[in-house]
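# Understanding the architecture of this molecule
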Amino acid sequence: MIDQLYEKVGGSGAIRELVQIFYDRVLADPRLAPFFPQADMDGLRAKQAMFLIMLLGRTRTYSGQDLTAAHAGARAQGLGDEHFDALLGHFGASLREMEVEEDYTREVLARIEATRNAVLGRS
């Protein structure tokens, strides 16, 4: 099902679109926007797309920082469970906006949820 999930979401192009929609939502959210004041959003979008492509099983390699290190600055600014929940909600809304089937949306969200402890430095 791993490669199938990548395909069911729509492949690389759809994942890049998903990331665009997701970050548009995140940057419009007053709970989350303060974490991105100086961020290179083009670079961040590219890294997020690469990570999601790996997470959904298209490739086994990911050349970015590990999740704990990548989110250390955000944790220092107070990133916590309530923010992760909001991010997860924006991922779900973005997938639904793209009309990804609900079963596949739930599977993608479960895989993202599985990264919570690493993102929040609890791994």
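Residues numbered from 1 in each chain as written. Predicted model: local features only at pLDDT ≥ 70, side-chain atom pairs only at ≥ 80, totals over all residues. Heavy atoms only, no water.

## Digging into the overall build of the protein
- Looking only at helices and strands, one finds eight helices and zero strands in the protein.
- In terms of overall size, the protein behaves like a compact globule, its C-alpha atoms giving a radius of gyration of 14 Å where 123 residues would be expected to give roughly 14 Å.
- With the C-alpha coordinates of the protein rotated into their principal frame, the extents come out at 35 × 30 × 25 Å.
- By residue count, 43% of the 123 residues in the protein fall in the buried class. (Helix = DSSP H or I, 4+ residues; strand = E, 2+ residues; numbered from the N terminus. Rg over C-alpha atoms; globule rule 2.2 N^0.38 Å. Buried < 20%, exposed > 50% of the residue type's maximum accessible area, 1.4 Å probe, protein only.)

## Concerning the packing of helix 2 (residues 11–27) against helix 3 (residues 41–55)
- Their axes nearest at 9 Å, the elements helix 2 and helix 3 cross at an angle of 130 degrees. As summarised for this structure, helix 2 and helix 3 are arranged oblique, according to the angle between their axes. The hand of the helix 2/helix 3 crossing is right-handed. Contacts between helix 2 and helix 3 pair Ser12, Ile15, Arg16, Leu18, Val19, Gln20, Phe22, Tyr23, Asp24 and Leu27 from the former with Met41, Leu44, Arg45, Gln48, Ala49, Leu52 and Ile53 from the latter.
- Its residues assigned to classes, the contact of helix 2 with helix 3 shows 11 nonpolar, three polar and three charged. (Axes fitted to C-alpha atoms, helices over the stretch in contact; angles between N-to-C directions. Parallel < 35°, antiparallel > 145°, perpendicular 65-115°, else oblique. Left-handed = near helix turned anticlockwise from the far one by under 90°. Contact = heavy atoms within 4.5 Å. Nonpolar A, V, L, I, M, F, W, Y, C, P; charged D, E, K, R; others polar.)

## Points about the confidence of the model for the protein
- Mean pLDDT over the protein: 91, with 91% of residues reaching 70 or higher.
- In the model of the protein, helix 1 (residues 2–9) stands out as the element of lowest mean pLDDT, 80, in contrast to helix 6 (residues 81–97), which has the highest, 98. (pLDDT = per-residue confidence, 0-100.)

## So, the pattern of salt bridges
- Within the structure shown, the criterion is met by 11 salt bridges.
- Where Glu97 meets Arg25, a salt bridge forms, and the shortest distance between an N and an O atom there is 2.8 Å. Here Arg25 lies in helix 2 and Glu97 lies in helix 6, a separation of 72 residues in the sequence.
- Look at Arg25 and you get partly exposed, because its relative accessible area is 28%.
- Between Asp29 and Arg31 there is a salt bridge; the shortest N-O distance is 2.6 Å.
- Judged by its relative accessible area of 6%, Asp29 falls in the buried class. (Salt bridge = Lys/Arg side-chain N within 4 Å of Asp/Glu carboxyl O.)

## Some thoughts on the side chain of Arg116
- Counting through the fold element by element, Arg116 comes out in helix 8 (residues 116–119).
- Within the structure, Arg116 has its side chain in polar contact with the side chain of Asp81 (distance 2.8 Å).
- Apart from residues no more than four positions distant in its own chain, Arg116 is found in contact with Asp81, Phe84, Asp85, Leu88 and Arg122. (Polar contact = N/O pair within 3.5 Å; in protein donor to acceptor, adjacent residues only side chain to side chain.)

## Observations regarding the nonpolar core
- In terms of nonpolar packing, the biggest core is built from 39 residues, with Val9, Ile15, Leu52 and Ile112 touching the most fellow members.
- Looking at this core, the elements that each hand over two or more residues are helix 1, helix 2, helix 3, helix 6, helix 7 (102–113) and helix 8.
- At eight residues, the largest contribution of residues to this core is made by helix 2. (Core = buried A, V, L, I, M, F, W, Y, C linked by side-chain atoms within 4.5 Å.)

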